Amino acid sequence: MLSAFRVATRSRGFATNAAVPGLTGAIGNTPLIYLKGLSEKSGTQIFGKAEFQNPGGSVKDRAALGLVLDAEEQGLIKPGGTVVEGTAGNTGIGLAHVCRARGYKCVIYMPDTQSQEKIDLLRMLGADVRPVAAVAFENPRNYNHQAREYAESLDNAIWTDQFDNVANANAHYISTGPEIWEQAEGKLDGFICSTGTGGTLAGVGKYLKEKSGGKTQIWLADPPGSVLTSYISSGGKLVERSGSSITEGIGQGRITNNLGTFVNDLTGAFTVPDEKSIAMVYDLLDTEGLYLGASSALNVVAAVELAQKLGKGSRVATVLCDGAYRYQSRLFSKKWLASKGLEGAIPAHLKKYAVLD
Ligand SMILES: Cc1ncc(COP(=O)(O)O)c(C=O)c1O
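Note that the coordinates shown come from a computational prediction; the quantities given were computed from them, not determined experimentally.

Definitions and cut-offs
Residues numbered from 1 in each chain as written. Predicted model: local features only at pLDDT ≥ 70, side-chain atom pairs only at ≥ 80, totals over all residues. Helix = DSSP H or I, 4+ residues; strand = E, 2+ residues; numbered from the N terminus. Rg over C-alpha atoms; globule rule 2.2 N^0.38 Å. Buried ≥ 20, exposed ≤ 12 C-beta atoms within 10 Å, placed from the backbone. Contact = placed C-beta atoms within 7 Å. Domains from an automatic or database assignment. Nonpolar A, V, L, I, M, F, W, Y, C, P; charged D, E, K, R; others polar. Axes fitted to C-alpha atoms, helices over the stretch in contact; angles between N-to-C directions. Parallel < 35°, antiparallel > 145°, perpendicular 65-115°, else oblique. Near = placed C-beta within 6 Å. Pairing = 2+ DSSP bridges. Right-handed = clockwise from strand over helix to strand, strands pointing away.

## Details of the overall build of the protein
Next up, step 1: A count of helical and extended segments in the protein gives 15 helices and 10 strands.
Next up, step 2: Compactness check: the protein gives a C-alpha radius of gyration of 20 Å against a globular reference of 21 Å for 357 residues, within 12% of the reference.
Next up, step 3: In terms of overall dimensions, the protein has a C-alpha envelope of 55 × 55 × 40 Å along the principal axes.
Next up, step 4: For the protein, with 357 residues in total, the buried portion stands at 50%.
Next up, step 5: The contacts of the protein with a sequence gap of at least 6 include a subset with a gap of at least 24, amounting to 69%.

If you want it as structure tokens, here you go:
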């Protein structure tokens with residue numbers, strides 16, 4: 001018999017083990033992978049939620065589906081309508097898939113600094129891609145503002161607003177969180193992940209904390225150049241953004257509405273240097289056979305550190321956000337890594353994987 005949360009998630013369109021209705025029905029219900037090698041090496045139990053197995057290839061498929069379903073439920077969009085978002089990455093890919101599957105037009109605004117591959121992929125998925133000048137958020141011509149204005153100018157259109165629309169975090173509260181809890185058999189000492197919009201951390205964190213009666217600690221992991229670790233460690237002081245990271249899709253300069261729903265319930269936060277994330281990209285490949293992007297690698301570094309903090313044998317889960325396929329010309333290129341001062345980050349015995357010049 002289906003448990004109550006499975007019925008709930010099925011009714012919201014997330015995947016179950018039964019046959020599913022089309023692409024959107026295949027989003028979610030990803031495996032929770034026990035990372036055996038890393039667990040044994042660290043004397044802890046580390047689990048990674050295999051979000052790279054979603055149909056669009058990333059954790060952002062859940063946000064895309066959640067944002068569109070929420071707009072439908074509120075009657076904000078009708079069949080044949082237009083979904084508009086400002087995004088350079090995985091959310092656009094997720095939305096493009098969901099829009100094709102549900103009969104909407106998809107318009108993506110992005111800074112004109114993005115790679116041709118990303119633009120081509122979105123166009124192949126049927127999206128109308130509009131590269132615009134890369135200007136700061138404060139500038140009214142910023143791609144996010146242009147996305148909102150364009151949606152407002154149309155009938156039967158929505159701006160999905162992934163950063164501040166909490167339907168994003170809710171998608172994780174009703175799907176990713178319950179899945180992790182059930183897959184971990186209700187035994188989880190900690191959960192940690194990095195944030196872009198904050199939807200994954202806030203939604204999963206809220207569910208796990210409630211379900212465990214506060215026993216599962218929820219932590220945030222940050223790349224360099226993000227202000228969130230200092231915000232959380234200082235009890236709420238927002239500093240100017242400085243520094244940068246090779247990771248993509250994560251790191252923030254502000255508290256988004258999604259993160260804001262949970263930020264005060266976090267136990268703590270720490271920053272993971274790029275050197276450790278790069279080393280973990282290679283280690284995961286070598287030890288676990290997993291080919292993952294840098295945000296996933298950062299999350300796993302953080303999960304191991306948190307588990308070691310929580311003590312021997314402790315059980316910690318994190319998110320394997322997407323595969324390395326979208327970044328391979330960078331992450332596996334000796335020249336690119338050297339240009340970032342990161343060639344030395346690959347452990348000597350793993351350099352054989354850096355096969356691109
Ligand atoms: C590769 C990757 N990892 C992690 C994240 C962060 O997820 P969230 O926006 O739920 O914080 C994103 C978001 O775009 C992403 O693209």
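There is more to say after this.
## Topic: the domain arrangement of the protein
Next up, step 1: Partitioning the protein into structural domains gives domain 1 (24–53 + 173–353) and domain 2 (78–155).
Next up, step 2: Taken together, the contact pairs 4 residues of domain 1 with 5 residues of domain 2.
Next up, step 3: In terms of residue class, the side of domain 1 that touches domain 2 is made up of no nonpolar, 2 polar and 2 charged.

## Looking at the packing of helix α12 (residues 274–288) against helix α13 (residues 294–310)
Helix-helix packing: each pair is described by the crossing angle between the helix axes and the interaxial distance.
Next up, step 1: As a packed pair, α12 and α13 sit with axes 8 Å apart at the nearest point and diverge in direction by 95°. With respect to α13, the axis of α12 lies roughly perpendicular. Counted together, Lys276, Ser277, Met280, Val281 and Leu284 of α12 and Ala294, Ala297, Leu298, Val300 and Val301 of α13 form the full contact between these two elements.
Next up, step 2: Classifying every residue of the contact of α12 with α13 by side-chain character gives 8 nonpolar, 1 polar and 1 charged.

## What to know about the site of the ligand
Next up, step 1: Around the ligand sit 19 residues in total, of which Gly196, Thr197, Thr200, Gly249 and Ser295 are the nearest.
Next up, step 2: Sorting the residues of the shell around the ligand by element identifies α5 (90–102) and α9 (199–211) as the ones contributing at least two each.
Next up, step 3: Considered class by class, the residues forming the shell around the ligand number 3 nonpolar, 13 polar and 3 charged.
Next up, step 4: Residue-level mapping places the shell around the ligand at the junction of two domains, with at least three residues from each of domain 1 (24–53 + 173–353) and domain 2 (78–155).

## Concerning the pairing of strand β10 (residues 315–320)
Next up, step 1: Of all 6 residues in β10, 6 are buried; the element is thus mostly enclosed.
Next up, step 2: Judged from the 6 bridges that link them, strand β2 (residues 45–50) and β10 form a sheet pairing that is parallel. Note on β10: the bridge partner recorded for lysine 49 is valine 319.
Next up, step 3: Summarising the sheet, strand β7 (residues 190–193) and β10 pair through 2 bridges and their orientation is parallel. When the sheet's bridge partners are listed, glycine 190 is paired in β10 with valine 316.

## Some details on the environment of glycine 22
Next up, step 1: The residue glycine 22 is located in helix α2 (residues 22–25) in this model.
Next up, step 2: In the structure, glycine 22 is positioned 16 residues away from leucine 38 in sequence and 36 Å away in space, judged by C-alpha atoms.

## What to know about the sheet that holds strand β6 (residues 157–159)
Next up, step 1: Read from one edge to the other, the open sheet built from 4 strands follows the order β5-β4-β3-β6, with strand pairing classed as parallel. Strand pairing shows two members of the sheet lacking a second neighbour, β5 (128–132) and β6, which therefore form its edges. Across the sheet, the mean angle separating the axes of adjacent strands is 15° when strand polarity is ignored.
Next up, step 2: Where strand β4 (residues 105–111) and β5 come together, 5 bridges link them in parallel fashion. The residue bridging tyrosine 109 from the neighbouring strand is arginine 130, located in β5.

## Some details on the pairing of β4
A regular strand places its side chains so that they alternate between the two faces of the sheet.
Next up, step 1: Of all 7 residues making up β4, 5 are buried, and the element is well covered by its neighbours.
Next up, step 2: Relative to β4, strand β3 (residues 82–86) is paired through 5 bridges, and the arrangement is parallel. Paired with valine 83 across the strands is cysteine 106, a residue of β4.
Next up, step 3: Handedness of the β3-α5-β4 crossover: right-handed.

## A few points about the sheet that holds β2
Next up, step 1: Judged by pairing direction, the sheet is mixed, and its 6 strands sit side by side in the order β1-β2-β10-β7-β8-β9 without closing on themselves. Since the sheet does not close on itself, it has two edges, and those belong to β1 (32–34) and β9 (268–271), each with one partner. For this sheet, the mean angle separating the axes of adjacent strands, direction not counted, is 25°.

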